[in-house]
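# Chain and residue survey
Here's the letter readout for the chains.
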Amino acid sequence: MSTLKVDGIRSNSASSDAITLASDGTCTANITNRSNRNKIINGAMTVHQRSSSVTGITSNGYQTADRMLLNVSTGTFTNTISTDTPDGFGSSFKIDCTTADTSLSAGDNVLFKQRIEGQNLQDFAKGTSAAKQFAVSFYVKTNKSGVYTVELSDIDNSRIATKTFTVSDSNWNRYTLIFPADTTGAFDNDNAVSLDLIIWLAAGTTFTSGTLNTSSWASKTNANRVSSSNVNIADSTSNEWYLTGVQLEVGSVATDFEHRSYGDELLKCQRYFCKAAEKGGSDHSAGMGTNYSSSVGYIHVRFPVTMRTNPTLDQITGTSYYRIFSNGSYETFDSFNSLDTATVTPQCAEVLKSGISITQGSANFVRYQHSEAEIRFSAEL
Amino acid sequence: MAYPTNPIYKLQKDPIYGKVCAVNKQIGDSEPYRILSIPFDEANTDYQEYLEWAKTNTAEAAD
């Protein structure tokens, strides 16, 4: 056995060591593809708590894959979680145009977006002399060839940087875009949105009539946000567009996609959206609580992770969707009244129901009574 | 419980103290409906949307 004794390992063309060895037998390494480098949550589209397929989309919203916002102001789309993927992935985010708009109005847009909290972006050192570049990468497959615009939008300081990529075939391809560092305008260190990663799929002249900022960040001007050559994904009902493997990382190198386990990704997603219980059948347990009076009951729901902020109660309701059990009997009802601002926190909520006939002081438990019934909590950006 | 479509928001009261405790918004006009119950938290984006709406509109009073 022999020992290689050196103080550092460096590329022939580099100006600093990739690995530095210390006299105490330890080393430090400048590794680019380390864990937790991807700022995008659910970049592999594995988690889809709301639905795996939504049709008739004509407005903005979170439809299928968690954390993936689809903005639609023109045309009609179906959004599904697809198993058509590049090698090494299990899911992709697919949109399919079902009603076309071949002539965009000035303010029309169709875009994909992920919104990112400022406290998760501090290592970009934006707004300082040590500011770092932004490496964006993703896989796209589409039959709509042409130019697409990718925008980074600094919400805190109203600044943008843009790049384009060109789709020239209908295969899965990986695209990597390196955005410049920005020494102006720091990201706020809080739980509010600081950065939007946007892929523009259609844009009217409100967004395309100016000049792109491809080499540096600049103040946000709507006219400068999108290439005038950008495709219009809404121009034909034949158009399909798939996306997966979305990654945003610090630095000038777009590394291989960081795959995370389903469980880890789900926990990250639940900071923004979670459920008291999965829908899908009668008698799914929604929670337990107490009958405050003979007509008012509360159930207490503790979230699986601390949410981003006090969440909205988002309930799916209809005739006889829920049932409360207590003191040897039950009562069926359509919906809960509300949650309570005074008692909700990012960790838990009390959900109240009034106007029912129950026994004061008894414990209760609530079950779903319809396959569509569902109690969800949302703290999206 | 009837929900308004215009205005689209309705205030809710806490039955214990009788104070307004949230604002609700119904989405959809046929079953199943979605009812959002929005806390008064300025970091909540649904509440931000409500505040923007409330600049030129008034929510329906609580029952």
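Residues numbered from 1 in each chain as written. Chains lettered and ligands numbered in written order. Predicted model: local features only at pLDDT ≥ 70, side-chain atom pairs only at ≥ 80, totals over all residues. Heavy atoms only, no water.

Moving on, we come to the overall build of chain B. Within chain B, the secondary structure is distributed over one helix and three strands. Each helix (α) and strand (β) of chain B, taken in turn from the N terminus, gives the series β-β-β-α. Every one of the 63 residues in chain B was classed for burial, and the buried ones make up 40%. Restricting to contacts in chain B with at least 6 residues of sequence separation, those with at least 24 account for 31%. Counting only carbon and sulfur atoms, one obtains 47% of the accessible surface of chain B, whose full area is about 3600 Å². (Helix = DSSP H or I, 4+ residues; strand = E, 2+ residues; numbered from the N terminus. Buried < 20%, exposed > 50% of the residue type's maximum accessible area, 1.4 Å probe, protein only. Contact = heavy atoms within 4.5 Å. Areas by Shrake-Rupley, 256 points an atom, 1.4 Å probe, with all protein chains shown as cover.)

What follows deals with the domain arrangement of chain A. Domain annotation for chain A reports domain 1 (1–30), domain 2 (53–270) and domain 3 (273–378). Its C-alpha centre places domain 1 of chain A at a distance of 59 Å from the equivalent point of domain 3 of chain A. (Domains from an automatic or database assignment.)

Contact with chain B, which involves 24 residues of that partner, is made by 30 residues of chain A. The contact between chain B and chain A buries some 2100 Å² in all, and 48% of this surface belongs to carbon and sulfur atoms. Linking chain B to chain A there are one salt bridge. Between B:Arg34 and A:Asp314 there is a salt bridge whose closest N-O contact spans 2.7 Å. On inspection of chain B and its partner chain A, the count reaches 17 residue pairs in polar contact (both at pLDDT 80 or more). Counting only elements with at least two residues in the side of chain B that touches chain A, the list comes to β2 (20–27), β3 (33–38) and α1 (45–54) of chain B. In terms of residue count, the dominant contributor to the side of chain B that touches chain A is β3(B) (six residues). The residue makeup of the side of chain B that touches chain A, split by class, is 14 nonpolar, five polar and five charged. Pairing of strand β20 (residues 312–317) of chain A with β3(B) involves five bridges; the strand directions are antiparallel. (Buried area = accessible area lost by both parts, 1.4 Å probe. Salt bridge = Lys/Arg side-chain N within 4 Å of Asp/Glu carboxyl O. Polar contact = N/O pair within 3.5 Å; in protein donor to acceptor, adjacent residues only side chain to side chain. Nonpolar A, V, L, I, M, F, W, Y, C, P; charged D, E, K, R; others polar. Pairing = 2+ DSSP bridges.)

This next bit is on α1(B). Residues and elements named next belong to chain B. Of the positions making up α1, those classed as buried are Asp46, Tyr47, Tyr50 and Trp53. Along the long axis of α1, the arc covered by the buried residues comes to 115 degrees, so they all point the same way. Regarding α1, its N-cap is Asn44, as a side-chain oxygen of that residue lies 2.8 Å from the backbone nitrogen of Asp46 further along. (Arc of directions from axis to C-beta.)

Position of A:Ser293 relative to the elements: it lies in the loop between β18 (285–291) and β19 (296–302). Residues in contact with A:Ser293, not counting those within four places in the same chain, are A:Ile358, A:Thr359 and A:Gln360.

Now for unusual backbone geometry. Here the bond from B:Glu31 into B:Pro32 is cis, since omega is -5 degrees, no more than 30 degrees from zero. For B:Pro32, the location among the structural elements is in the loop between β2 and β3. With a phi angle near 50 degrees, A:Ser158 is a residue other than glycine that sits in the positive phi range. The residue A:Ser158 is located in the loop between β11 (146–154) and β12 (159–167) in this model.

All names here are of chain A. Inspection of the secondary structure puts Gly281 in the loop between β17 (273–275) and β18. Put simply, Gly281 and Arg367 are 86 residues apart on the chain and 9.9 Å apart in space, counted from C-alpha to C-alpha. With sequence-adjacent residues up to four places away left out, Gly281 is seen in contact with Tyr368, His370 and Ser371.

A few words on the pattern of salt bridges. In this structure the tally under the stated criterion is 29 salt bridges over all chains. The partner of B:Asp63 in a salt bridge is B:Lys10, and the shortest N-O contact between them spans 3.2 Å. Here the residue B:Asp63 occupies a position in the segment after α1, and B:Lys10 occupies one in strand β1 (residues 9–13), the gap between them amounting to 53 residues. Here the salt bridges share partners, and the residues they tie into one network are A:Lys275, A:Glu278, A:Asp314, A:Glu374, A:Arg376 and B:Arg34.

What follows deals with the sheet that holds β2(B). Read across the open sheet, the six strands follow the order β17(A)-β26(A)-β20(A)-β3(B)-β2(B)-β1(B); overall the sheet is antiparallel. Only two strands of the sheet have a single partner each, and these edge strands are β17 of chain A together with β1 of chain B. Across the sheet, the mean angle separating the axes of adjacent strands is 25 degrees when strand polarity is ignored. Sheet analysis places β17(A) next to strand β26 (residues 374–378) of chain A, joined by three bridges and oriented antiparallel. Looking across to β26(A), one finds that A:Phe273 is bridged to A:Ser378. (Axes fitted to C-alpha atoms, helices over the stretch in contact; angles between N-to-C directions.)

Residues and elements named next belong to chain B. Per-residue confidence for chain B gives a mean pLDDT of 89; residues scoring 70 or more make up 89%. By mean pLDDT, the top-scoring element of chain B is α1 (96), and the lowest-scoring one is β2 (94). Model confidence for the complex: the whole-complex pTM is 0.94, and ipTM, which rates the interface, is 0.93. (pLDDT = per-residue confidence, 0-100.)

Generally speaking, nonpolar side chains in soluble globular proteins are found buried as a group. All names here are of chain A. Among the nonpolar cores identified, the biggest contains 45 residues, and Phe138, Phe165 and Leu243 are the most heavily contacted of them. The element best represented in this core is strand β14 (residues 193–203), accounting for five residues. Discounting chain neighbours no more than four positions away, the residues touching Phe138 are Val150, Phe165, Asn173, Arg174, Tyr175, Leu177, Ile199, Leu243, Thr244, Gly245 and Val246. Core analysis: the second largest hydrophobic core is formed by 28 residues, Ala277, Ile316, Phe333 and Phe336 among them. (Core = buried A, V, L, I, M, F, W, Y, C linked by side-chain atoms within 4.5 Å.)

Attention shifts here to the sheet that holds strand β23 (residues 338–339) of chain A. Residues and elements named next belong to chain A. If you walk across this open sheet you meet the seven strands as β22-β21-β25-β18-β19-β24-β23, and the pairing is antiparallel. Either end of the sheet is taken by a strand with one partner, and the two such strands are β22 (329–333) and β23. Strand direction decides the pairing type here: β23 and strand β24 (residues 348–354), joined by two bridges, are antiparallel. By the bridge assignment, Leu339 is partnered in β24 with Val351.

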